[in-house]
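Chain by chain, the residues run as shown.
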Amino acid sequence: MKVSKSEKKILYSRILQGDNERDRDALSQRNTCLVINSVFAGIIMIVFFYSGFFDPEKDNYPLVCIHEKVTGQPCPSCGMSRSFSCLIRGEPEKAVMFNEYGPRVFLFFLFHLVMRISNIVVVLRKPQFIRELILIDSVLAVITFILAFRQFFEYYIRLIF
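Viewed as axis vectors pointing N to C, helix H4 (residues 80-88) and helix H6 (residues 102-125) meet at an angle of 65 degrees, and their least axial separation amounts to 9 Å. Taken together, the axis directions place H4 and H6 in an arrangement best described as roughly perpendicular. H4 and H6 meet at a crossing whose hand is right-handed. Listed contacts from H6 to Met80, Ser83, Phe84, Leu87 and Ile88 of H4 are Gly102, Pro103, Val105, Phe106 and Phe109.

Next up, the structure:
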C-alpha cells in the first residue's frame, strides 16, 4: 500500500506531537539519533580543524604522545597529528612519511563525518527508517573501525604477549 505525501505529513506530525507511547518512543529515538550523530560530527570536525591549525613543519602541537613519553618508544599513532595536517593541506606523500597509517585513519574520520551528516539528513527527512539506519550505521562503524585501526590492535597485542 502506497502512502501519500499528505498521509506521511500527518504521521510525521503525530510522531512529533507524541500522541501516544509509541509515538513518544519514536520521537525520543529520533532525538537521540540526532544528538549522537551531531556530537560525533562535531568531534570529527574539531579533529580536522586541529589538524589544519597546526603546521607539521613547526611541530607545535600541544598534545604529545603519552606512550612515547612513558616508554621512550614510538607507538603506531606517533606522527598521526602531523600526518593529518599534511592530508588537510593536500600533501599525502608527506603524510605517509610522518605516519604510514595516517591516511587510512584520516579516511576513517572523513567517511564517518560524511556518514554522520547523512544520518542526520535521513533522520530529519525519513524518521520511519531510524531502526534500519542504526543497524547499517553500527555495522559500517565496526567494520571501518577494525579496518582503520587494526595496526593498533596488532601492536598492543604483540606488546602484551
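The subject of this paragraph is the side chain of Asn37. Examined against the element boundaries, Asn37 turns out to sit in helix H2 (residues 21-53). Engagement of the side chain of Asn37 in a polar contact is seen with the side chain of Asn119, the distance being 3.1 Å.

Every buried residue of H4 is listed here: Met80, Ser83, Phe84, Ser85, Cys86 and Leu87. Where H4 is buried, its residues contact H2, helix H5 (92-98), H6 and helix H7 (130-160). Positive phi appears at Gly90, one or two residues downstream of H4, with a value of about 80 degrees.

Another point: the environment of Asn99. When you line up the elements, Asn99 lands in the loop between H5 and H6. Here Asn99 falls in the buried class, since its relative accessible area comes to 4%. Along the chain, Asn99 and Cys78 lie 21 residues apart, while their C-alpha atoms are 6.9 Å from each other. Dropping the residues within four chain positions of it, Asn99 is found in contact with Pro76, Ser77, Cys78, Gly79, Met80 and Ser83. Polar side-chain contacts of Asn99 include one of 2.9 Å to the backbone oxygen of Cys78.

Bringing the packing of H2 against H7 into the picture now. In contact at an axis separation of 11 Å, H2 and H7 are set at 35 degrees when each is read in the N-to-C sense. For the element pair H2 and H7, the recorded crossing hand is left-handed. Judged by residue contacts, Gln29, Arg30 and Cys33 of H2 engage Ile130, Arg131, Leu133 and Ile134 from H7.

On to a nonpolar patch on the surface. A surface patch of nonpolar side chains, amounting to about 950 Å² of accessible area, comprises Val142, Phe145, Ile146, Phe153, Tyr156, Ile157, Leu159, Ile160 and Phe161. Mapping Ile146 onto the fold places it in helix H7. Among the residues examined, Ile146 registers a relative accessible area of 44% and is labelled partly exposed.

A few words now on the nonpolar core. Ranked by internal contacts, the top residues of the largest apolar core, which has 15 residues, are Val105 and Phe149. Once residues within four sequence positions are removed from consideration, Val105 is found in contact with Met80, Phe84, Ala148, Phe149, Gln151 and Phe152. In this structure, Cys33, Val123, Ile130 and Leu133 belong to the second largest nonpolar core, which totals 6 residues.

What the rule picks out here adds up to 2 salt bridges. When the shortest N-O distance is used, the salt bridge between Glu91 and Lys94 registers 3.8 Å. On the basis of relative accessibility, which here comes to 26%, the residue Glu91 falls in the partly exposed class. As a salt-bridge pair, Arg116 and Asp137 come within 2.8 Å of each other at their nearest N and O atoms. Residue Arg116 is located in helix H6, and its partner Asp137 is located in helix H7; the two are separated by 21 residues in the primary sequence. For Asp137, a relative accessible area of 15% corresponds to the buried category.

Analysis parameters
- Residues numbered from 1 in each chain as written.
- Predicted model: local features only at pLDDT ≥ 70, side-chain atom pairs only at ≥ 80, totals over all residues.
- Heavy atoms only, no water.
- Axes fitted to C-alpha atoms, helices over the stretch in contact; angles between N-to-C directions.
- Helix = DSSP H or I, 4+ residues; strand = E, 2+ residues; numbered from the N terminus.
- Parallel < 35°, antiparallel > 145°, perpendicular 65-115°, else oblique.
- Left-handed = near helix turned anticlockwise from the far one by under 90°.
- Contact = heavy atoms within 4.5 Å.
- Polar contact = N/O pair within 3.5 Å; in protein donor to acceptor, adjacent residues only side chain to side chain.
- Buried < 20%, exposed > 50% of the residue type's maximum accessible area, 1.4 Å probe, protein only.
- Patch = residues over 30% accessible without salt bridge, like charges linked within 9 Å, V, L, I, M, F, W, Y side chains within 5 Å.
- Areas by Shrake-Rupley, 256 points an atom, 1.4 Å probe, with all protein chains shown as cover.
- Salt bridge = Lys/Arg side-chain N within 4 Å of Asp/Glu carboxyl O.
- Core = buried A, V, L, I, M, F, W, Y, C linked by side-chain atoms within 4.5 Å.

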